[in-house]
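Chain and residue survey
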Amino acid sequence: PPSPLQPLGILRAPCRAFSNNKILVELDESTGVATMKFKSPPVNSYSLDFLTEFCISMEKLENNRACRGVIFTSAVPKIFSAGLDITEMCGKSMEHYAEFWRAVQEMWLRVYGSNMVTVAAVNGSSPAGGCLVALSCDYRIMVENPKFIIGLNEAQLGIVAPFWFKDTFVNVVGHRIAERSLQLGSLHPAPDALKLGLVDELVPEEKLQERAVAVMAQWLALPDHARQLTKSMMRKAVLDRLIAHREEDTQNFVSFVSKESIQKSLRMYMEMLKKK
Amino acid sequence: PPSPLQPLGILRAPCRAFSNNKILVELDESTGVATMKFKSPPVNSYSLDFLTEFCISMEKLENNRACRGVIFTSAVPKIFSAGLDITEMCGKSMEHYAEFWRAVQEMWLRVYGSNMVTVAAVNGSSPAGGCLVALSCDYRIMVENPKFIIGLNEAQLGIVAPFWFKDTFVNVVGHRIAERSLQLGSLHPAPDALKLGLVDELVPEEKLQERAVAVMAQWLALPDHARQLTKSMMRKAVLDRLIAHREEDTQNFVSFVSKESIQKSLRMYMEMLKKK
Amino acid sequence: PPSPLQPLGILRAPCRAFSNNKILVELDESTGVATMKFKSPPVNSYSLDFLTEFCISMEKLENNRACRGVIFTSAVPKIFSAGLDITEMCGKSMEHYAEFWRAVQEMWLRVYGSNMVTVAAVNGSSPAGGCLVALSCDYRIMVENPKFIIGLNEAQLGIVAPFWFKDTFVNVVGHRIAERSLQLGSLHPAPDALKLGLVDELVPEEKLQERAVAVMAQWLALPDHARQLTKSMMRKAVLDRLIAHREEDTQNFVSFVSKESIQKSLRMYMEMLKKK
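So, here's what we can say about the structure. Quantities reported herein were computed from a predicted structural model and do not represent experimental measurements.

1. Things to note about the interface of chain A and chain B
One frequently used descriptor of interface size is the decrease in accessible area upon assembly of the parts. Every contact between the two is made by 19 residues of chain A and, on the other side, 19 residues of chain B. Summing both sides of the interface, chain A and chain B together bury roughly 1700 Å²; the carbon and sulfur share of this comes to 62%. Three residues, Leu222, Met233 and Met234 of chain A, lead the burial of chain A against chain B; their summed loss comes to 35% of the area buried on that side. Remark: the boundary between chain A and chain B carries 3 salt bridges. A salt bridge links Asp200 of chain A to Arg176 of chain B, with the nearest nitrogen and oxygen atoms 2.9 Å apart.

This is the structure in structure tokens:
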């Protein structure tokens, strides 16, 4: 398909073994709709392996003329994704942090800039990076369970969401809601997330897949080319901002995460998670 | 009146015969309020003649110190305006496409940048360019009939709304609603349009004129100069963006619309309309 | 505390006598929360003395490691603040107007760019500059009395809100609501202000203080550093815009306010206020 959205640099880990066991990709060739199902227990966190597999899968789908849309969902009960894998950010080398961060950027560029229709079928909690992937889709459906929470809660962990997380958030919920939610590091129960516009609709869990397919069909009814150019027009400014500052953003992350104070916070946070 | 908003180039068709039969302009000198009533059946589409007449009428009102506000409405039942006249975009010369597009730009610059108070009294459906004129006013009142629909549905026709349509839309409904509505090429029934903020209020058809006059009086109660400067402050960035890229935008339109694939789509679309 | 937000120039009136009788500042060292209570009857207007005292108080709190948050409220019944003191803008020298305007800018820079958590406890009407201070806080609670009104009503007085008032307003309520409200110079009763997003919540007057303290505690539960950096990320663009054009903005104000036509309007407005 024609590609008005071409924000993507070269995938940074082309030689990495393609494990293909963290994400289940299924393509229904009759409808042109793929499903990417995250199955990396316990919480689908974005390890470097996960991210690499994610980006390779996205690239394959993007280049497959038989595929026009992709649904993201989780195979792990109660969690969509917990976001970045903290073990990748703790006790590793500067080179590792940089490689990891480039993979996070690449994931976002591929989802936010995708030519395909992207639908998040959020069937569990979705903090931080999990929320980011949902925010980067064209449409978000969440299970109506108020125990499932979603938000960019970085501030709660003593860290700051990168500017492109913020830009993506502002484009979905507007400046005021983003400002308040980001500063408080809020995790919103599904009904609140709907009210704030963070997700587009809620459905009972057993209806989620069916509804995602129906929404996808509605978006695929449009001619691809016009829809893709329109999407690009809406998202280009925000995509270009990261592309223009990608290396700088990586260096910021590396120098931030290597700080002893941050390493200490992250170790304490991991200890706390282990005890749970 | 003082003119803080001066985005307008020279009107491009100064020698065109002023037909003055597609728009009925009435000025109530006692209130300073003009009404521009579109009467170009069957659907008030923006032909080059319509646009020329529109721009000349606007210029006259803008320069008339007795006129402080203008209400746009339709004399054709059930339709406000269907937007751009597709016959102007089909089987004509490159020069014609360019002239037509400059007239479309001129219309928008004159409405969005008007020093007058502008109120859209939307008494029928208002797709594409029809919606654009409504979005460019200071206030939008729509008849509450759910059969009347409004939206920027370009993507449905396989074409892409220009960036300044998009900017105008985002300024009214925000980024998220614009992104979704533009990609889907949605035409929203009046009640949905109200919920989305696309129009400001709904009234029964028989109350429309009265309500438009009352709203106008409320806006005219403000001192012109302060109101005009405030309006300019809010709209200048978006106006300047087209003014800075006007010729480029025209060339984009011309090269897009001259493509054989687009000509074919437009011919098919016209055939479909004729059969209706 | 670390200071990611450093928009502040040198305070322009360092030798001014520090009257310290227009604002009551109380710091609860056990919670780290200060209260700045405006007590400048009849309407807490921002005279040069008020502004100087305000900025000095803010600077002291900002530099006091024991202080992490500040609540703004009024000691005068029924009024939060009426905004700029018109007597400072009438019949004075150009130098005086410039000094006054720099103090207004300084107040905004200090509140909008504060590293502290800022909560407005709006216990009375809050037009113009009064509204600006509320809009510049992290959170706004207003007494639910519909007789209390709030808004940027400059256009009603024949003047134009500066671009940074507008930017602050747009960041809170979005472009469309700001455009309409600014052009009409609307003063919104508390319930309408809540619906428009101009304030975050309404409470009965007797609950205001308690609620402000509870909200503050919620915001202070976050680690300061991450919250401050997040706040800076959200507000930096708008702060930088005034900082980059501060002197130009001052000269605009001075030349505007010195016009005979404006002086005449302001004198008439003051006469009207005196008769009330």
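2. Examining the relation of the copies chain C and chain B
The two copies are related by a screw operation: chain C maps onto chain B through 120° of rotation and 0.0 Å of translation along the axis, at an RMSD of 0.0 Å. Such a combination of rotation and displacement between the chain copies is what one expects of a three-fold axis. Across chain C, the rotation axis passes nearest the C-alpha of Gly174 of chain C, at a separation of 4.2 Å.

3. Observations concerning the packing of aromatic side chains
Here the structure, examined in full by the defined rule, presents 36 aromatic pairs over all chains. Relative to Phe253 of chain B, the ring of Phe100 of chain B has its centre 6.5 Å away and its plane inclined at 50°; by these criteria the two rings are tilted. With Phe100 of chain B in helix α2 (residues 94-112) and Phe253 of chain B in helix α9 (residues 246-257), the pair connects residues that are 153 residues apart, well separated along the chain. Residue class for Phe100 of chain B comes out buried when judged on its relative accessible area of 0%. Between Trp101 of chain C and Phe253 of chain C, the ring centres sit 4.0 Å apart and the planes meet at 10°, which makes this aromatic pair stacked. Highlighted residues: Trp101 of chain C in helix α2 (residues 94-112) and Phe253 of chain C in helix α9 (residues 246-257), separated in sequence by 152 residues. A single burial state applies to Trp101 of chain C and to Phe253 of chain C, both of which are buried. Through pairs of rings, three or more aromatic residues link up here, namely Phe100, Trp101, Trp108, Tyr112, Trp164, Phe165 and Phe253 of chain A. A cation over an aromatic ring shows up here: Arg235 of chain B above the ring of Tyr112 of chain B, its NZ or CZ 4.2 Å from the ring centre.

4. Details of the interface of chain C and chain B
The interface of chain C with chain B comprises 19 residues on the first partner and 19 residues on the second. In total, about 1700 Å² of surface goes out of reach between chain C and chain B, with carbon and sulfur atoms giving 62% of it. By the criterion of area lost to chain B, the three top residues of chain C are Arg176, Gln183 and Leu184 of chain C, representing 41% of everything that side buries. At the boundary of chain C and chain B, one finds 3 salt bridges. Here chain C and chain B share 6 residue pairs in polar contact (both at pLDDT 80 or more) between them. Elements with a minimum of two residues in the side of chain C that touches chain B: α4 (163-173) and α5 (175-184) of chain C. If one sorts the elements of the side of chain C that touches chain B by residue count, α5 of chain C sits on top with 8 residues.

5. Points about the sheet that holds strand β5 (residues 117-122) of chain C
Residues and elements named next belong to chain C. Ordered in space as β1-β2-β3-β5-β7-β10, the 6 strands form an open sheet in which the pairing is mixed. The sheet is open, and its two edges are formed by β1 (23-28) and β10 (201-203), each paired on a single side. Going from strand to strand, the sheet's axes swing by 20° on average, the running direction of each strand aside. One ladder, built from 4 bridges, connects β5 with strand β7 (residues 139-143); its direction is parallel. Each residue of the ladder has a partner; that of Val122, found in β7, is Met142.

6. A look at the pairing of strand β6 (residues 124-127) of chain B
Residues and elements named next belong to chain B. Taken together, the 2 bridges between strand β4 (residues 78-79) and β6 define a ladder with parallel strand orientation. Bridge pairing in β6 links Ile79 to Ser125. Sheet topology note: the β6/strand β8 (residues 149-151) ladder contains 2 bridges and is parallel. Bridge assignment links Pro127 to a residue of β8, and that residue is Gly151.

7. Some words on the pattern of salt bridges
Applying the stated rule across the entire model yields 59 salt bridges over all chains. Close ionic contact of Arg235 of chain B with Glu179 of chain C constitutes a salt bridge, the shortest N to O distance being 2.9 Å. With Arg235 of chain B in helix α8 (residues 224-244) and Glu179 of chain C in helix α5, the pair connects residues from two separate chains. What makes Arg235 of chain B buried here is its relative accessible area of 0%. Three or more residues are tied together by salt bridges with common partners; here these are Asp138, Arg140, Asp200, Lys231 and Arg235 of chain A together with Arg176, Glu179 and Arg180 of chain B.

8. Thoughts on unusual backbone geometry
Here the bond from Pro41 of chain A into Pro42 of chain A is cis, since omega is 10°, no more than 30 degrees from zero. With respect to the secondary-structure elements, Pro42 of chain A resides in the loop between β2 (33-38) and α1 (48-62). One non-glycine residue, Ala128 of chain B, lies in positive phi territory at about 50°. Along the chain, Ala128 of chain B falls in the loop between β6 and α3 (129-135).

9. Let's talk about helix α7 (residues 208-220) of chain B
Residues and elements named next belong to chain B. The end-to-end C-alpha distance of α7 is 18 Å, a good match for the 18 Å that 13 residues give at a rise of 1.5 Å each. Among the residues of α7, Leu208, Ala212, Val215, Met216, Trp219 and Leu220 are the ones counted as buried. Each buried residue of α7 lies within a common arc of 135° when the element is viewed along its axis, so the set occupies one face.

10. What about the packing of helix α3 (residues 128-135) of chain A against helix α4 (residues 163-173) of chain A?
Residues and elements named next belong to chain A. Between α3 and α4, whose axes approach to 10 Å, the crossing angle comes to 50°. Classed by the angle they form, the pair α3 and α4 counts as oblique. For the element pair α3 and α4, the recorded crossing hand is left-handed. Between α3 and α4, the contacting residues are Gly129, Leu132 and Leu135 on the first element and Trp164, Phe165, Thr168, Phe169 and Val172 on the second. Classifying every residue of the contact of α3 with α4 by side-chain character gives 6 nonpolar, 2 polar and no charged.

Procedures and definitions
- Residues numbered from 1 in each chain as written.
- Chains lettered and ligands numbered in written order.
- Predicted model: local features only at pLDDT ≥ 70, side-chain atom pairs only at ≥ 80, totals over all residues.
- Heavy atoms only, no water.
- Contact = heavy atoms within 4.5 Å.
- Buried area = accessible area lost by both parts, 1.4 Å probe.
- Salt bridge = Lys/Arg side-chain N within 4 Å of Asp/Glu carboxyl O.
- Least-squares fit on C-alpha atoms with pLDDT ≥ 70 in both.
- Phe/Tyr/Trp six-rings, centres within 6.5 Å; stacked < 30°, edge-to-face > 60°.
- Helix = DSSP H or I, 4+ residues; strand = E, 2+ residues; numbered from the N terminus.
- Buried < 20%, exposed > 50% of the residue type's maximum accessible area, 1.4 Å probe, protein only.
- Lys NZ or Arg CZ within 6 Å of the ring centre and 35° of its normal.
- Polar contact = N/O pair within 3.5 Å; in protein donor to acceptor, adjacent residues only side chain to side chain.
- Pairing = 2+ DSSP bridges.
- Axes fitted to C-alpha atoms, helices over the stretch in contact; angles between N-to-C directions.
- Expected span 1.5 Å × (residues − 1).
- Arc of directions from axis to C-beta.
- Parallel < 35°, antiparallel > 145°, perpendicular 65-115°, else oblique.
- Left-handed = near helix turned anticlockwise from the far one by under 90°.
- Nonpolar A, V, L, I, M, F, W, Y, C, P; charged D, E, K, R; others polar.

Shape descriptors only; they carry no functional weight alone.
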